[in-house]
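# Geometric and topological summary
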Amino acid sequence: MKRTGAMILGLLILTGCSKDLAVTEVSMDQASKGVREFVQEVEGQGGAHLYEVGGKKEAYLFLTSGVVNMGEEASHFSNVKTESHGDTVTISFSREWTEDYWNDNLQYHSLYRITFDQDYDVIELYENESPSSFTVVGGE
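Read on for an overview of the structure. (Residues numbered from 1 in each chain as written. Predicted model: local features only at pLDDT ≥ 70, side-chain atom pairs only at ≥ 80, totals over all residues. Heavy atoms only, no water.)

## Topic: the sheet that holds strand β8 (residues 130-132)
Within the open sheet, the four strands sit side by side as β4-β5-β7-β8. Their pairing is mixed. At either end of the open sheet lies a strand with only one pairing partner, and these are β4 (74-85) and β8. Put simply, the sheet's adjacent strands are angled 30° from each other on average, direction ignored. Both strand β5 (residues 88-98) and strand β7 (residues 122-127) contribute to a ladder of six bridges, which runs parallel. From the neighbouring strand, T90 faces β7, where its bridge partner is E124. (Pairing = 2+ DSSP bridges. Helix = DSSP H or I, 4+ residues; strand = E, 2+ residues; numbered from the N terminus. Axes fitted to C-alpha atoms, helices over the stretch in contact; angles between N-to-C directions.)

Have a look at this one:
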């Protein structure tokens, strides 16, 4: 009985310690002060913004429509995913446009935590399956 309990505990510890490449939507409350300050600096600029956290295997992706004037279309985002290929990690997302500013179901700005499973030399960005680039990259 003790041996079974020790094995289960060992598996839980190993499972909890394993890190996979993952992307998770987070609220501003869950982000560090540095990430929140970065978001405040770039939130008026539409696009994809990357904030790399020094000393940790994580980064934050902030997607935003920026400032939208009445009568213009706003962009909203979905399907944020990550994949790895050797020393390259790919971040992809879908972006669509709408004039429905008041639709609570659409994501006009979102913050995502990306947890890396290893060190990567290259980070590629794809918007609607086409190569794209980050609007602003920052970090600590």
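## Examining the environment of H85
Structurally, H85 can be placed in strand β4. Since its relative accessible area comes to 48%, H85 is described here as partly exposed. Separated by 37 residues in the primary sequence, H85 and V122 have C-alpha atoms spaced 9.9 Å apart. At 3.4 Å, the side chain of H85 and the side chain of E83 are in polar contact. (Buried < 20%, exposed > 50% of the residue type's maximum accessible area, 1.4 Å probe, protein only. Polar contact = N/O pair within 3.5 Å; in protein donor to acceptor, adjacent residues only side chain to side chain.)

The quantities given are spatial measurements derived from coordinates; they are silent on function.
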